[in-house]
Amino acid sequence: MPIHIIVAISSQESQAADELETLARGITTAGERTEQRPFDGEATLQMLIALSVATFPYFRTWLRSRSDQRKVTKVVIDGLELSGYTEKEANRILDRVQGKLAESPEGTPGRDG
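Let me begin by describing the structure that accompanies this report.

Cut-off values and rules
- Residues numbered from 1 in each chain as written.
- Predicted model: local features only at pLDDT ≥ 70, side-chain atom pairs only at ≥ 80, totals over all residues.
- Heavy atoms only, no water.
- Helix = DSSP H or I, 4+ residues; strand = E, 2+ residues; numbered from the N terminus.
- Expected span 1.5 Å × (residues − 1).
- Buried < 20%, exposed > 50% of the residue type's maximum accessible area, 1.4 Å probe, protein only.
- Arc of directions from axis to C-beta.
- Contact = heavy atoms within 4.5 Å.
- Core = buried A, V, L, I, M, F, W, Y, C linked by side-chain atoms within 4.5 Å.
- Pairing = 2+ DSSP bridges.

Another aspect to go through is helix α2 (residues 56-68). Given 3.6 residues per turn, any residue in an α-helix points the same way as the ones three and four places further on. Given a rise of 1.5 Å per residue, 13 residues ought to cover 18 Å, and the 18 Å separating the end C-alpha atoms of α2 matches this to within 8%. Among the residues of α2, those classed as buried are Phe 56, Phe 59, Arg 60, Trp 62, Leu 63 and Arg 66. End-on view of α2: buried residues confined to an arc of 165°, all on one side of the axis. Turned more than 90 degrees away from the buried face of α2, the exposed residues are Thr 61 and Asp 68. Close packing links the buried residues of α2 with β1 (3-10), α1 (16-26), β3 (44-51), β4 (74-77) and α3 (87-103). Of the residues trailing α2, Arg 70 is marked for its positive phi of about 60°.

Pasting the structure below:
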């Protein structure tokens with residue numbers, strides 16, 4: 001069973017739309033890109049993504065690449081917003097997400113989910 005997450009990038013970032021399109025091409029379960037304009041915050045481009053055991057490695061590589069370039073990315077998992085973490089903390093979170101995916105029936109070897 002996939003884990004649904006929302007990835008958000010500031011609309012002010014010059015390559016925001018291209019970055020999300022790159023992610024969508026690598027993860028075919030990505031939804032449509034939308035722009036959010038909250039009353040009290042910065043406008044963001046967002047995309048809903050269904051992460052599975054098969055798509056997680058691509059997502060991890062994409063997120064690490066943004067981190068290496070010091071670009072801010074916000075990820076929302078089950079309503080919990082994750083942003084502003086150090087590389088070590090982000091890796092710990094990604095490891096936990098990967099573990100949850102592996103525990104799901106879809107991640108069980110020899111089983112069709």
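This brings us to the nonpolar core. Judged by nonpolar contacts, the single largest core of 22 residues is most densely connected at Ile 5, Val 7, Ile 49, Leu 51 and Phe 59. Of all the elements in the fold, those that place two or more residues in this core are β1, α1, β3, α2, β4 and α3. In this structure Leu 51 touches Pro 2, Ile 3, Ile 5, Ile 27, Phe 56, Phe 59, Val 97 and Leu 101, once residues within four positions along its chain are discounted.

With that settled, the discussion passes to the environment of Pro 2. Structurally, Pro 2 can be placed in the segment before β1. In this structure, the C-alpha to C-alpha distance between Pro 2 and Thr 29, residues 27 residues apart in sequence, is 9.7 Å.

Now for the pairing of β3. The buried count for β3 comes to seven of eight residues, which makes it a mostly enclosed element. Direction of pairing for β1 relative to β3: antiparallel, over a ladder of eight bridges. Pairing of Ile 6 across the sheet is with Leu 48, part of β3.

Keep in mind these values describe shape, not function.
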